[in-house]
Amino acid sequence: MQEHYIIASFSSFSKHRISFFFSLFSSFSLRENSAIYIAMIHTHIAEILCVKPKTKKTKTMEEDVKNKKTKKTMKIEGEVVVMKKNLLDFKDTMASLLDRIHELLGRRVSLHLISSLQPDPDKPANEKRGRLGKAAHLEKWVTKIKTSVTAEETAFGVTFDWDESMGPPAAFVIKNQHRSQFYLKSLTLRNSQGGAIHFVCNSWIYPSHRYRSDRVFFSNQAYLPSETPELVKELREEELKNLRGNEKGELKEWDRVYDYAYYNDLGAPDKGPDSARPVLGGSPEFPYPRRGKTGRKPTKSDPKSESRLALLNLNIYVPRDERFSHVKFSDFLAYALKSVTQVIVPEIASLCDKTINEFDSFEDVFHLYDGSIRLANGHTISKLRDIIPWEMFRELIRNDGERFLKFPLPDVLKQSRSAWRTDEEFAREMLAGLNPVVISRLKDFPPKSNLDSAKYGNQNSSIREGHIEPHMNGTSVQEALEQNKLFLLDHHDALMPYLTRINSTNTKTYATRTLLLLQEDGTLKPLAIELSLPHAQGESHGSVSKIFTPSEKGVEGTVWQLAKAYAAVNDSGYHQLISHWLQTHAVIEPFIIASNRQLSVVHPIYKLLHPHFRDTMNINALARHVLINSDGVLERTVFPSRYAMEMSSSIYKSWVFTDQALPMDLLKRGVAVEDPSSDNGVKLLIEDYPFAVDGLEIWSAIKTWVTEYCSIYYKNDRTVQTDTEIQSWWTELRTEGHGDIQHESWWPSMQTRDDLMETCTIIIWIASALHAAVNFGQYPYAGFLPNRPTVSRRFMPEPGTKEYTELEENEEVAFLKTITPQLQTLLGISIIEILSMHSTDEIYLGQRDSPNWTADDEPLEAFKRFGKSLEVIENNIIRRNNDKKLKNRSGPVNIPYTLLYPNTTDYTREGGLTGKGIPNSVSI
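Keep in mind that this is a model prediction, so the values were computed, not measured.

This part is about the overall build of the protein chain. Assigned secondary structure in the protein chain consists of 33 helices and 20 strands. Burial statistics for the protein chain: of 924 residues in total, 58% are counted as buried. Pairs at least 24 apart in sequence give 75% of the contacts found in the protein chain among residues at least 6 apart. Here the protein chain displays about 39,400 Å² of accessible surface, and carbon together with sulfur accounts for 50% of that area.

Structure (structure tokens):
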């Protein structure tokens, strides 16, 4: 019955086409509702058959003869590499089937080459753009393309009829007449002499009706605006206009619009005042870098706040080409699950035995890695499976049906389960841990505050010589200052203005200062920890501080361990909010938006920077959705709670772009001094400072590569000044992307080659090496949360109290009751495990996604030299890690410092918790 129904619709088709349709249907599983699907196909075919073909103009014989005399056509063979989308549902199967039907009915994927020499005769004389060649189509789509549960690349042949007088093609137009989108990776044209023209596309192509103008791709030849061929200039400018967009309303997945928005999507005011958050950006009170625009409607309660998507809806708008690849998104499924606290936390709570939401000993914490938490019965599993997509749930239970949330053993525990508690390791992690970018040299004693004394009173340190000199190995404070031996981990000024509000939540914590001595063997020794609170009579009365000094035994030793924990809590929060989120993720997003809006894909600087923008907008959008939003994972697991993002806004006020250059950062923190004889112009005062030592080599390699590359295209300062795209890019970056601090005097003027080279070097450093240094050490060090607690729940116990008695009787219980509780620990570890993983499709520093990213030989040779320099750095890092004299390289926990190991020689793409490798971009 169904077969006769279908045949009737194909009465005008040739026999081989009818045969093909039957082969499709015979391979298609006909279930009880299959008649509906076939009816859908029949309807769709009928729609197609109703479309009348366009009539062609008939040429006269004279025109035909004339064309034959004046034109010399040739065949250009090409190869197009595409990838179909893959979804584990029926929709993709249907779309693929209908795409094949479209092919048979003539609605195909067509390509038109664009001439670099002949203008388009169909355009007015004042519109200079190249002439389009005849349409060519992807060959054998029906037999080659297929849908599977994995994304697969497919190469298609394509043959162009081309008039030799039109010169080499400079671009091409692609039109997708199918029902669904596909990923266009590249087009390669080959001539009879063996040469090739490459078009590196890497873009999703939606059906043509989704676009207001044709999709155009340029060859891999780089051009400054002034050097662009005349017939390409208009196409170049039109493509940038398309990317800027002028749309109002919510942006859709096929939109290709890069635009700016404030951070007004963090709160959910419609849920009530407790879920509302201030808008970050656009005001002197709450300045912030801009994020990508989504265009969603405002909330009902606050027209300045943007509405949010449902928690399990991860389809937040970012331009489609900025979204994760299929491999990356598959790796990321677990991240989505472990972030859904409203679903997971209640289920975990039902599993806790003994004391609810408490670890009863360090042994309980170790069980997270040794044996995990056992499920009481299968009921909980079935309940979770009812509410969580299976792919996510499978990742959570890790192929062990009776164990829940089993975590890999963090590196900090692999050698010893107690070494993390030593003073040496506590101090070493300030130089080689997950947040090695804060420690500074103490220039004045006692430490001073930069807070406004009229508002906050006296905030200077209460540490005195008598506190620290007994622990200084016989050196006086004055001698140590003169010899540059005193260092400080200072979180006092960053936290004090928010401490009263923070402590009004479940958090009970301090603003801390940690003073350290540089010893003869190159290690740091903690001398004192200052814990400060606002004065009870008000902030204007200054702070009240307590000083704690090292001790190993008795209750004093336990108190010292708690003091280190409070300092670690401060450092953990500062790391996540500032060192990691603000100073890499957030500050780099405006550069991505401005580059796509103002720099053409054929611009040399776009080609230089583009690899360092991969996946950043997507990961930032997901962070706003589940991490840094109100009641999100960060607010639940890091001590500033609801004031976290507001606090990061206050610190952004003092962010300086030029200080992000590593040599300048080290000088500003006083851990280095100027040294003109050094390659980087600085000399480290802590010679065994792994982050700085490895980082300076990476910085130097990046700077050399950028200098060589830019020098190829910019021969003098005038070339920079007259580059219209560079000037527009830099103006928009400052006035829009970082608009709240646009008037700061430190912004480079972008009038010289040095301005351009330094700016590009800083951008690449932030996106690659700096992010790697503060991100991929999270699980190795903080996967064991007692080493890096993120929350403190009670103040230091006072003698004579019940808490102090508990501290005397059971050190472990007192410690664990002070730091992050059990549920937040499980959630926090889940998140940082995913954040610390390298994706299996990661592209590392010194690598590109295509060997044909440029047609110019000089940049390719310079890039090879860059890769070779990174290989040398890898060997240097290995040698230093094997040098036993350099105690800070591994420390008591025996974790070699590999966070800045470039990983250029490892092409295994293993992914996971490798603890090494510098991805090109802020991609996780």
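So that's the structure; there's more coming.
Glancing now at the pairing of strand 15 (residues 486-490). Where burial is concerned, most of strand 15 is hidden: 4 out of the 5 residues are buried. Pairing of strand 14 (residues 440-441) with strand 15 involves 2 bridges; the strand directions are antiparallel. What sits directly across from Ser440, in strand 15, is Leu488. In the sheet, strand 15 pairs with strand 16 (residues 511-518) via 5 bridges, with the strands oriented antiparallel. Bridge pairing in strand 16 places Phe487 opposite Leu516.

Among all residues except glycine, the phi angle is most often negative; among peptide bonds, the trans geometry is most common. Residue Pro446 is bonded to the preceding Phe445 through a cis peptide linkage, with omega at -5 degrees. Its location among the elements puts Pro446 in the loop between strand 14 and helix 15 (453-456). Despite not being glycine, Asn202 has its phi angle at roughly 45 degrees, a positive value. Of note, Met750 is a non-glycine position whose phi angle comes to about 55 degrees, a positive value.

Within the secondary structure layout, Glu874 lies in helix 33 (residues 857-881). Glu874 sits 180 residues away from Asp694 along the chain, and the two C-alpha atoms are 9.2 Å apart.

The next point concerns the confidence of the model for the protein chain. The predicted model of the protein chain has a mean per-residue pLDDT of 85, with 80% of residues at 70 or higher. Low pLDDT, under 50, characterises residues 338-347; the predicted model gives this stretch 27 contacts beyond four residues in sequence or across chains.

All right, on to the pairing of strand 9 (residues 215-218) then. With burial as the criterion, each face of strand 9 is covered, one bearing Arg215 and Phe217 and the other bearing Val216 and Phe218. Relative to strand 9, strand 6 (residues 171-176) is paired through 4 bridges, and the arrangement is antiparallel. From the neighbouring strand, Phe172 faces strand 9, where its bridge partner is Phe217.

Here the focus is the environment of His137. Turning to its location among the elements, His137 is positioned in strand 4 (residues 136-137). Taking the C-alpha atoms as reference points, His137 and Phe160, 23 residues apart in sequence, are found 8.5 Å from one another. Not counting residues up to four positions away in its chain, the partners in contact with His137 are Arg108, Val109, Ser110, Gly157 and Val158.

Structurally, His471 is set in the loop between helix 16 (465-468) and helix 17 (477-482). Not counting the four nearest positions on each side in its chain, His471 is found in contact with Lys525, Leu527, Thr549 and Pro550.

What follows deals with the nonpolar core. The biggest cluster of nonpolar side chains holds 182 residues, and the ones touching the most others in it are Ile605, Leu608, Phe691, Trp729, Leu756 and Trp765. Among all residues touching Leu756, those that are not within four sequence positions of it are Ile605, Cys710, Tyr714, Val720, Ile726, Trp729 and Met750. Grouped together as the second largest cluster of nonpolar side chains are 24 residues, Leu111, Phe156, Phe160 and Phe199 included.

Glancing now at the pattern of salt bridges. For the structure on display, the rule yields 42 salt bridges. For the salt bridge of Asp259 with Arg597, the shortest nitrogen-to-oxygen distance reads 3.6 Å. With Asp259 in the loop between helix 7 (230-244) and strand 10 (260-261) and Arg597 in helix 19 (residues 554-598), this residue pair connects regions lying 338 residues apart in the sequence. A salt bridge links Glu806 to Lys817, with the shortest nitrogen-to-oxygen separation between them at 2.9 Å. Highlighted residues: Glu806 in helix 30 (residues 802-809) and Lys817 in helix 31 (residues 811-818), separated in sequence by 11 residues. Taking the relative accessible area as the measure of exposure, Glu806 reaches 18% and is therefore buried. Using a relative accessible area of 31% as the deciding quantity, one classes Lys817 as partly exposed. In this structure, a network of salt bridges that share partners links the residues Asp265, Arg291, Arg296, Glu306 and Arg624.

Right, let's talk about helix 7 for a bit. In this model, helix 7 (15 residues) spans 22 Å end to end at C-alpha, consistent with the 21 Å of a helix rising 1.5 Å per residue. Within helix 7, the full set of buried residues consists of Leu231, Val232, Leu235, Arg236, Glu239, Leu240 and Leu243. Seen end-on, helix 7 carries its buried residues on one side only, within an arc spanning 155 degrees. Packed against the buried residues of helix 7 are strand 2 (109-119), strand 3 (130-132), strand 9, helix 19 and helix 27 (724-737). Positive backbone phi, approximately 70 degrees, marks Gly245, located one or two places after helix 7.

Helix 27 packs onto helix 19 with a crossing angle of 140 degrees between their chain directions and a minimal axis gap of 9 Å. When you trace helix 19 past helix 27, the crossing you get is right-handed. Counting all contacts with helix 19, which are made through Pro590, Phe591, Ala594, Ser595, Arg597 and Gln598, the residues of helix 27 involved are Glu725, Ser728, Trp729, Trp730, Glu732, Leu733 and Gly737. Across the contact of helix 19 with helix 27, the residue classes break down as 6 nonpolar, 4 polar and 3 charged.

Take the sheet that holds strand 14 next. Hydrogen bonds between backbone groups are what pair the strands of a sheet, and the pairing can be parallel or antiparallel. Spatial ordering of the open sheet is given by 14-15-16-17-18, a layout of 5 strands whose pairing is antiparallel. Looking at the sheet topology across the chains shown, the edges are occupied by strand 14 and strand 18 (543-548). Sheet topology places strand 16 next to strand 17 (residues 524-534); 8 bridges connect them, and they run antiparallel. Across the sheet, the residue bridging to Leu517 is Lys525, located in strand 17. Packing against the sheet, helix 14 (residues 423-432) makes contact with strand 15, strand 16 and strand 17, and its axis sits at approximately 80 degrees to strand 17.

Another aspect to go through is a negative patch on the surface. Among the surface-exposed residues, Glu465, Glu469, Glu479 and Glu482 lie close enough to one another that they form a single negatively charged patch. Position of Glu482 relative to the elements: it lies in helix 17. Looking at Glu482, the relative accessible area reads 58%, which means it is exposed.

Turning to the side chain of Lys607, a few remarks are in order. In this fold, Lys607 is placed in helix 20 (residues 604-609). The charged side chain of Lys607 is buried without a salt bridge, its nearest counter-charge being Asp856 at 7.7 Å. For Lys607, the contacting residues outside a window of four places in its chain are Asn220, Gln221, Ala222, Val601, Val602, Tyr709, Arg848 and Trp853.

Definitions and limits used
- Residues numbered from 1 in each chain as written.
- Predicted model: local features only at pLDDT ≥ 70, side-chain atom pairs only at ≥ 80, totals over all residues.
- Heavy atoms only, no water.
- Helix = DSSP H or I, 4+ residues; strand = E, 2+ residues; numbered from the N terminus.
- Buried < 20%, exposed > 50% of the residue type's maximum accessible area, 1.4 Å probe, protein only.
- Contact = heavy atoms within 4.5 Å.
- Areas by Shrake-Rupley, 256 points an atom, 1.4 Å probe, with all protein chains shown as cover.
- Pairing = 2+ DSSP bridges.
- pLDDT = per-residue confidence, 0-100.
- Core = buried A, V, L, I, M, F, W, Y, C linked by side-chain atoms within 4.5 Å.
- Salt bridge = Lys/Arg side-chain N within 4 Å of Asp/Glu carboxyl O.
- Expected span 1.5 Å × (residues − 1).
- Arc of directions from axis to C-beta.
- Axes fitted to C-alpha atoms, helices over the stretch in contact; angles between N-to-C directions.
- Left-handed = near helix turned anticlockwise from the far one by under 90°.
- Nonpolar A, V, L, I, M, F, W, Y, C, P; charged D, E, K, R; others polar.
- Patch = residues over 30% accessible without salt bridge, like charges linked within 9 Å, V, L, I, M, F, W, Y side chains within 5 Å.
- Lys, Arg positive; Asp, Glu negative; His and termini not counted.
- Charge placed at Lys NZ, Arg CZ, Asp CG, Glu CD.

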